[in-house]
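# Breakdown of the fold
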Amino acid sequence: MSPELLPPTGRRGFLKGAAGALAVPAAATLVGGVLAEPAHADEGGLPDFAPIPASSAGPKMNTDGYHVGRIAGNLYWVTDSYYQSMFLTTTRGVVLVDAPPTIGHNLLRAIDDITRVNGRPSKVTHLVYSHSHADHIGAAGLFGTDVVRISHAATAGLLARAADPNRPLPTVTFHDKYQLKVGGETLHLAYHGPNHSPDNIFVYAPEYATLMLVDVLYPGWVPFKNLAVSQDIPDWIKAQRIAMDYPWRTFVGGHLGRLGVRADGALQIQYMDDLEASTRSAIASVDPSPFFDKYYAQGNSWAIFKTFLDAVADTAAAPVTAKYTGVLAAADVFTKDNAWTLLESLRIDAGVLGPFGVHP
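Notes on the structure follow. (Residues numbered from 1 in each chain as written. Predicted model: local features only at pLDDT ≥ 70, side-chain atom pairs only at ≥ 80, totals over all residues. Heavy atoms only, no water.)

## Thoughts on the sheet that holds strand β11 (residues 185-190)
Here is the rule we go by: The pairing criterion is simple: DSSP has to find at least two bridges between the two strands. Helix and strand assignments come from DSSP, with helices taken as H or I runs of at least 4 residues and strands as E runs of at least 2, each series counted from the N terminus. Lines fitted to C-alpha atoms define the axes, with helix axes restricted to the stretch in contact, and inter-axis angles between N-to-C directions lie between 0 and 180 degrees.
Taken in spatial order, the five strands of this open sheet run β10-β11-β12-β13-β14, and their pairing is mixed. At either end of the open sheet lies a strand with only one pairing partner, and these are β10 (177-182) and β14 (250-252). Between one strand axis and the next, the sheet turns through 20° on average, direction left out of account.

Shown next as structure tokens:
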């Protein structure tokens, strides 16, 4: 479903619709607008979740467990359906962006698949780190010691601290912008401040109108648990709109099995706007009295916080989950976790403290 088919989502409009969604029984979910049976566990104790929308699925993997395809011209992408990488074939060699360990040696196979056909050198001469996290660059050690490794300056410090042989230190760093030109191809690297991590960069291929930004936008899916485990939630949210300011047609998000288009970015921003509106409303509407009444007498302050915050997250997530199940994959999997993290950011970053505000 496209964002144009969803109802208007301004704060007032969303909260008006949310009241009806909250009336849906808590154990039920909406799938494609139809009330579904409550989720249940299988014989092994694992829960069932709503089906993945067809629009969220990517191409099938080959027998080795990966897919490699052309984005445009000499720019390609590879995925194992969990992670993604991007590479340019040039007259001098290959420029690779990220080396996720779950793809691992399949990166080499994917590059060989392409260069065998287009006749360009298969050796990886340059490796760009999007950021320091091991799940995205933990196979960097596969490419030897003579590769030029490029990152933000903060990445170098984080990797030095980690001392991980699978993530060799960068050999070239930058602070704000860096233009990488290799064998007739160009990438623009830019740092717009912290977001998912303190060092996460934007990688833009202007000739091919393609932006790679990892762990910020998730085409076709809700963000990963706890808003992608991001270290700066306000700036992570801001980065989504910065990404949309780039004139890209194709988006590489670093995760999952398909590429993104501009409608995907708009849809995630809408999801986040709805989640914030619902979370602010829940902070104001959930009655804290039962939690204080029960646990204050026991002297258990953490129990008060936990039960109240969990109740707010449950209340905030319910209408958003109902609205996006069948539209964004895994809306029923991670929306409660995302609401909980957004709630904490609203409390400590935005000062929306609810019952923990200034004592009268």
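## What about the environment of R262?
Applicable threshold: Should any heavy atoms of two residues lie within 4.5 Å, those residues are considered in contact. Think of a polar contact as two N or O atoms within 3.5 Å of one another; within protein, one of them needs to be a possible hydrogen donor and the other a possible acceptor, and neighboring residues in sequence only count if both atoms come from side chains.
Within the secondary structure, R262 sits in helix α7 (residues 262-285). Once the C-alpha coordinates of R262 and W248 are considered, the two residues, 14 residues apart in sequence, prove to be 7.7 Å apart. The contact partners of R262, leaving out residues within four places of it in the chain, are M244, Y246, P247, W248 and R249. Reaching out from R262, the side chain makes a polar contact with the backbone oxygen of Y246 at a distance of 2.9 Å.

## Considerations on the environment of V261
Rule in force here: Partly exposed describes any residue whose relative accessible area lies between the buried limit of under 20% and the exposed limit of over 50%, with all areas from a 1.4 Å probe on protein chains only and scaled to the type maximum.
Relative to the elements of secondary structure, V261 occurs in the loop between β14 and α7. Here V261 falls in the partly exposed class, since its relative accessible area comes to 45%. Those residues within four positions of V261 in sequence are excluded, and the remaining contacts are W248 and R249.

## Things to note about the pattern of salt bridges
Selection criterion: Within this document, salt bridges are pairs made up of a side-chain nitrogen of Lys or Arg and a carboxyl oxygen of Asp or Glu, the two lying within 4 Å of each other.
Applying the stated criterion across every chain, the model contains 12 salt bridges. Ionic pairing is found between K225 and D337, a salt bridge with its closest N-O pair at 3.1 Å. In this pair, K225 is assigned in helix α5 (residues 225-229) and D337 in helix α10 (residues 331-348), connecting sequence segments 112 residues apart. According to the relative accessible area criterion, K225 is partly exposed, its value standing at 33%.

## Remarks on the packing of aromatic side chains
When we look at a pair of aromatic rings, we describe it by the centre distance and by the angle of the planes. Definition in use: Side-chain rings of Phe, Tyr and Trp (the six-membered ring for Trp) are treated as a pair once their centres are within 6.5 Å; stacked means planes under 30 degrees apart, edge-to-face means over 60, and tilted covers the remaining angles. Placement of a positive charge over a ring is assigned whenever Lys NZ or Arg CZ falls within 6 Å of the ring centre and within 35 degrees of the normal to the ring plane.
Summed over the entire model, instances satisfying the criterion amount to 12 aromatic pairs. With a centroid separation of 5.6 Å and an interplanar angle of 10°, the aromatic rings of F202 and Y246 are classed as stacked. Placement of F202 in strand β12 (residues 202-205) and of Y246 in the loop between α6 (233-245) and β14 is noted, with a sequence separation of 44 residues between them. Across this residue pair, the class does not change: F202 and Y246 are buried. A network of ring pairs unites the aromatic residues F291, F292, W302, F305, F308 and F356 as a single cluster. If you follow R262 out to its NZ or CZ, it ends over the ring of W248, 4.8 Å from the centre.

## Concerning the sheet that holds strand β7 (residues 124-128)
Paired through their backbone hydrogen bonds, the strands of a sheet run either parallel or antiparallel. Strands sit in the order β3-β4-β5-β6-β7-β8-β9 across an open sheet of seven strands; the sheet is mixed. Unpaired on one side and paired on the other, β3 (67-72) and β9 (172-174) mark the two borders of the sheet. Averaged over all neighbouring strand pairs, the angle between strand axes comes to 20°, with direction disregarded. Note: strand β6 (residues 94-97) against β7, four bridges, orientation parallel.

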